[in-house]
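Each chain, written out:
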Amino acid sequence: MTDRIDIISPVNLAQLDHILEKLRKPATYVAGATDIMVQKSRWEQAGTLIDLRTVQELVSTLEIGPEGILIGAALSFTDIIRYRIIQEKFPILVESCRQIGSVQIQNRATLGGNIANASPAGDTLPVLAVLNAELWIGPRLKDNFTKMSVDEIMTGPGKNCLQPNQYIAYIYLPFPEPTDPFWYFRKVGQRYSMAISKLSLAVLGWKHNNHIREIRICAGSVSPRIKRAVLTEKLLSNQELNSKVIEKAATQLMKEIKPITDIRSTHNYRKSTAGRLLQESLSTWARAGK
Amino acid sequence: MSEFKPHQLAALERRVDAAPKVRGQVRYIRDLKIPGMWLGKTIRSPYAHAHILGIQLDRKFDWKQVVVVTAKDIPVNQVAMLENDMPFLAEKTVKYRGEAVVLLAAENQDLLNEAARHVRIDYKPLPAIFDVFASQVSFTKIFGDNNLFKEIAISRGNVEKARQNSDLTIEIETKTGFQEHLYLEPQGVIAIPEGDQVTIQGSLQCPYYVKRAIDNMFAGEKRITVIQAPTGGAFGGKEDYPSLLAGHAALLAVKAGRPLGMFYDREEDVQVTTKRHPSYHQDIAYVNKDGRIIGVELTIFLDGGAYCTLSPVVLARSALTALGCYHVPNVRILAKAVATHTVPSGAFRGFGGPQAIFAIEMLIEKIAYTLNLPPDQVRKRNLIRKGQRTATGQLLKYSVSARDTFQDVLRRSGYKKKFRTYQNHNADILKYLRKGSVSSLKAGEKLKGIGISVSQHGAGFTGTGENKINGKIRVEILPDGRVKIFSAATEMGQGEETAIRTIMAKALGIGREAVILSDINTDVVPDSGPTVASRTTMIVGSLLIEAAKEIVKKVKIDLSTKRKLSFTYRNGFFHNSSEKHAFQDAAKLSAGWSVEKQYRHPPIIQFDDILWTGDAYPVFSWAAAVAEIEVDPITFDVRVSRYTTSHDIGKAINPDQAVAQIQGGSLQGIGYALYEKIRLEEGHFDITGFTDYIIPTATEMPEFEVSLIENPYPYGPFGAKGLGELPLVGAAPAVVSALWMIFQEEFNEIPVLPEFLAKIFERKTGKNVSD
Ligand SMILES: Cc1cc2nc3c(=O)[nH]c(=O)nc-3n(C[C@H](O)[C@H](O)[C@H](O)COP(=O)(O)OP(=O)(O)OC[C@H]3O[C@@H](n4cnc5c(N)ncnc54)[C@H](O)[C@@H]3O)c2cc1C
């Protein structure tokens, strides 16, 4: 129970890092506030809120090098969707951002928030996993950010491994190989908008001579943490896609995931639907190759 | 009869309450800033059934800053409704999880929360019953000696003979779930004590229900005034519940000696307020091979929850609607409202009708699929028409449109053709699904379905209800010649203010701006009956027409006396060969005069509520709907893509608003069929609000093709009959009929979720996906 809440609005990273160094009481980060507003107890008890949307680098910086891009963690989904380079190189990310909540939510919500909130149903998480995203964690130690992957930061539903003074500064996405990548993202919600995923599947892959050279598969809402389906990936690599292989892969994926039954869906449905989603994606890919 | 095309309207009639609502100028109950007001909080039972052993207040806490109310503080601890079985606060036993036991009031929320931590209630948990079948045979008594709130038997013809003379017996058991109203504005009431007076303001539908309940609670020792605050949605959820909540607010206010606000947040609201009655049906039809139904035996069980509330009347409507739109000469209906240790069920748009129509329409589907006849053909063969009698022997003399609405949707939707086309389209997809070879599906391909339903809704109160209520209104002529309506009919978003003013204005031939409405305050307005049962436009509206006639007569006399000439009245003017006076100018002469009107059914309408025979309703409204759906073969998501419906509502007072009601109500019915699921875990609802109670949004809105059919009710205002509830009633069966069509399977339970549909093929492929 607090009578007042302090809000700190640092203007740049240097100031943010300085404030964090000085901070004595626990603070809570706020970006788009779309999660935190509904988790009332979290901010009511916080006492101090740090607004990341005022940190210039986190909202406006988008550094593009030859290898990949750095997305400011507090950039809204709407901003992300509008970036030409993201549209070109990461259509799978754009697709997942577009399916978040509603346009109103997308106008506020951020990638950093989606990751830090660590919900197994976070819609961008499986996509970031197949894109091999690297999270750059502040504050900088000797000018260097700490680096982490999506499956490392998440320790369980709603839990991440960040220290109280640590934050996500950037999401680094390496450009996927440009030669004919196949991508697939599908979200299954209880309705078409304003829905928390009961299941999602992200697939990214490349073929060589009609054989799968590399494939990355990640399902959302099927385990406490976001994990790639490595066994299914392994089963598929170097395979030629035919209905037998596709069915085997689906069976493998269904074995590999451990969904639960909760208010939104059932173990069985999540499992069988994940299998069907994989079949849908792979058969689309098989047909596209012909 | 004329068919009305909404888009042909030259100028849409704007709603009188629209502008301030859109601009955010309306002050809802929570927005009121009342000096010195404290807040109230309810401490509830964590058990579905338990003895209360004791209530302890922690001595270490400073109770001087908090007011505590328990059952002992209540003069008459019964919420006056049909059975007075529900206490305001539980005293010895709690009968549902969430039942109120202790009330607290304090200056602010933090203090209240703190105080609540210092109240200890000791319970002895008892076995609880959550199942209507277990309840009927249990030794644990929740209500009376058999746990039945009400039992109704309706009988007509000879069912035994029908069975012998029929070709076939067809049976189905159906089940419908809870439904939550999810009005945008949660429940909220403010009580203000001043001496012996207590003024209640709140978000509510029926001010006189609340007044009666609070009068009774204080044993007549307080003077009670009830004022309706602007109400942000209700759907029946603010019919019975506000009586309980207002009681809590009034008790705390009186004890604290200051204004008191009780405001539920969303989670508390969805956890403890009433829901639609879940239902179980066991239906048998005796049919001929051509699909003609010779006899039916219909058994209905409604889960009433822990207290009676309005269950007997909901049950009555269920029983009286059970035959749907069909003519069946031999009928036996048995209906029971059963007590369980669950949150009391209550009023919800449709009021027992949606359950009944779902069950009978599924019986029709089963007949069609058993006999291998098209579902529309079985319906058509049995539809009721003018001159035939219902299950209670009511002779339908006028305004019967079962066939017209049915033919209209068939034609406009292209049902028959699409039925065949979609079946062909689905054949391959179903084959692949049965084999489990999803990879053979074409990308993005969907299963397509088309379903149909016919429905009806009795307009106004059930049976003798209207003659018991005897709704009154008063209309007064103001000094400036405008007229002011005093009625207890409430606006809750449905357009009541617009309808009432429009009816009066049209009856007088004047502009709507010359008709104003009184605030809804029980000190000022007479009891025109509750705003429920699709009755307001029809019943209150008919009183307005009568009042208008007398107003014209009165003004004419006053004008004639003054001018010493005689006048005729037409189109808003009193005139004769030499003079012409506009209504409002002339009416100034009669300023201060008022007329009161009281409703009684036209004498031809007779009902016997002991034998359950006669005119159950003065008139029925009729609807038919065709739902077109798409089912994703990968996720089994169901989307209603197009919804064609025809509604006969007698006369559309405000056509634009009528279409809006039909769209909104149908969407709410689609939600009932496909999305809105509440599970009960040891008497606890597993929902907390908008995140986990899934209702359709704008994205789920199908393309609507609405047409209004105006088959007038001779005793309604301009022929109008009820509309408010009907659109919801037929939506679920139309959607589920489309599922029968696609899967050629029996569907007998709503909601139907993708999880259920996916299982159909898990069964068929023999693939077991569980560990
Ligand atoms: C109506 C509605 C619909 C929604 N629909 C979806 C949906 O379809 N799919 C989906 O995935 N999500 C959905 N969400 C959840 C939410 O919008 C997303 O998780 C969003 O990405 C959160 O971003 P935010 O910036 O608003 O986070 P905030 O609420 O600001 O923060 C969330 C959490 O992350 C922490 N945090 C934020 N930024 C950082 C950072 N840079 N470093 C460290 N910690 C940080 C905060 O302290 C907080 O604990 C929905 C939410 C609502 C209210």
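Residues numbered from 1 in each chain as written. Chains lettered and ligands numbered in written order. Predicted model: local features only at pLDDT ≥ 70, side-chain atom pairs only at ≥ 80, totals over all residues. Heavy atoms only, no water.

Some words on the packing of aromatic side chains
Reasoning step 1: With the rule as written, the count across this model stands at 31 aromatic pairs over all chains.
Reasoning step 2: Between the aromatic rings of Trp136(A) and Phe145(A), the centroid separation amounts to 5.9 Å while the plane-to-plane angle is 35°, which identifies the pairing as tilted. Here Trp136(A) matches Phe145(A) in class, with each residue buried.
Reasoning step 3: Arranged with centres 6.3 Å apart and planes meeting at 80°, the rings of Trp136(A) and Tyr170(A) form a pair that is edge-to-face. With a gap of 34 residues between them, Trp136(A) in strand β6 (residues 134-141) and Tyr170(A) in strand β10 (residues 167-174) connect regions that are remote in the sequence.
Reasoning step 4: The buried category is assigned to Trp136(A), whose relative accessible area is 18%.
Reasoning step 5: Taken together, the ring pairs in this structure connect Phe636(B), Phe743(B), Phe747(B), Phe756(B) and Phe761(B) into an aromatic cluster.
Reasoning step 6: Of note, Lys222(B) hangs over the ring of Phe218(B), and the distance from its end group to the ring centre comes to 6.0 Å.
Reasoning step 7: The residue whose ring lies beneath Arg474(B) is Phe486(B), and the NZ or CZ to ring-centre distance is 4.2 Å. (Phe/Tyr/Trp six-rings, centres within 6.5 Å; stacked < 30°, edge-to-face > 60°. Buried < 20%, exposed > 50% of the residue type's maximum accessible area, 1.4 Å probe, protein only. Helix = DSSP H or I, 4+ residues; strand = E, 2+ residues; numbered from the N terminus. Lys NZ or Arg CZ within 6 Å of the ring centre and 35° of its normal.)

Describing the interface of chain B and chain A
Where the parts come together, the accessible area they lose is often given as the size of the interface.
Reasoning step 1: Every contact between the two is made by 35 residues of chain B and, on the other side, 31 residues of chain A.
Reasoning step 2: Taken together, chain B and chain A are joined by two salt bridges.
Reasoning step 3: Two residues, Lys198(A) and Glu755(B), come together in a salt bridge whose shortest N-O distance is 3.1 Å.
Reasoning step 4: Looking at the side of chain B that touches chain A, the element that brings in the most residues is helix α20 (residues 754-765) of chain B, giving four residues.
Reasoning step 5: A class-by-class count of the residues in the side of chain B that touches chain A yields 14 nonpolar, eight polar and 13 charged. (Contact = heavy atoms within 4.5 Å. Salt bridge = Lys/Arg side-chain N within 4 Å of Asp/Glu carboxyl O. Nonpolar A, V, L, I, M, F, W, Y, C, P; charged D, E, K, R; others polar.)

Concerning the domain arrangement of chain A
Residue and element names in this part refer to chain A.
Reasoning step 1: With domains assigned, chain A is organised as domain 1 (53-174) and domain 2 (182-288).
Reasoning step 2: Between the C-alpha centres of domain 1 and domain 2 the distance comes to 22 Å.
Reasoning step 3: Contact with domain 1, which involves 23 residues of that partner, is made by 23 residues of domain 2.
Reasoning step 4: Across the interface of domain 1 and domain 2, roughly 2000 Å² is buried in total on both sides, 64% from carbon and sulfur atoms.
Reasoning step 5: Considering only the side of domain 1, the residues that lose the most area to domain 2 are Ile-92, Pro-126 and Val-130, jointly responsible for 26% of the buried surface there.
Reasoning step 6: Residues Lys-187 and Asp-123 are paired through a salt bridge, measuring 2.8 Å at the closest nitrogen-oxygen approach.
Reasoning step 7: Inspection of the domain 1/domain 2 interface yields ten residue pairs in polar contact (both at pLDDT 80 or more).
Reasoning step 8: At the level of elements, α6 (91-98), α9 (125-130), α10 (150-153) and β8 (154-156) are the ones that each hand at least two residues to the side of domain 1 that touches domain 2. (Domains from an automatic or database assignment. Buried area = accessible area lost by both parts, 1.4 Å probe. Polar contact = N/O pair within 3.5 Å; in protein donor to acceptor, adjacent residues only side chain to side chain.)

Things to note about the site of the ligand
Residue and element names in this part refer to chain A.
Reasoning step 1: The local shell around the ligand holds 33 residues, among which Tyr-29, Gly-32, Thr-34, Asp-35 and Thr-110 are the closest.
Reasoning step 2: Between Thr-110 and the ligand, the recorded distance is 2.7 Å, taken from a side-chain N or O atom to an oxygen atom.
Reasoning step 3: Ranked by residues supplied to the shell around the ligand, first place goes to helix α8 (residues 111-117) with five residues.
Reasoning step 4: Of the residues assigned to the shell around the ligand, the class counts are 18 nonpolar, eleven polar and four charged.
Reasoning step 5: Lining the shell around the ligand are residues from two domains, each supplying at least three of them: domain 1 (53-174) and domain 2 (182-288). (Near = heavy atom within 4 Å.)

Some points on the side chain of His647(B)
All names here are of chain B.
Reasoning step 1: Tracing the backbone through its elements, the reader meets His-647 in strand β28 (residues 638-648).
Reasoning step 2: By relative accessible area, which is 2% here, His-647 ends up buried.
Reasoning step 3: A distance of 3.1 Å separates a polar atom in the side chain of His-647 from a polar atom in the side chain of Thr-645.
Reasoning step 4: What His-647 contacts, discounting residues up to four positions off in sequence, is Thr-405, Trp-622, Ala-623, Ile-662, Ser-707, Leu-708, Ile-709, Leu-723, Leu-726 and Pro-727.

Description of the nonpolar core
All names here are of chain B.
Reasoning step 1: In this structure, Val-631, Phe-743 and Leu-757 are the most contacted members of the largest nonpolar core, which totals 142 residues.
Reasoning step 2: Among the elements that line this core, the one with the most residues is helix α19 (residues 731-743), at eleven residues.
Reasoning step 3: Apart from residues lying up to four places away in sequence, Leu-757 is in contact with Val-631, Phe-636, Val-638, Leu-739, Phe-743, Phe-747 and Val-752.
Reasoning step 4: If you look at the next biggest cluster of nonpolar residues, it comprises 48 residues, including Leu-103, Tyr-241, Leu-245 and Tyr-264. (Core = buried A, V, L, I, M, F, W, Y, C linked by side-chain atoms within 4.5 Å.)

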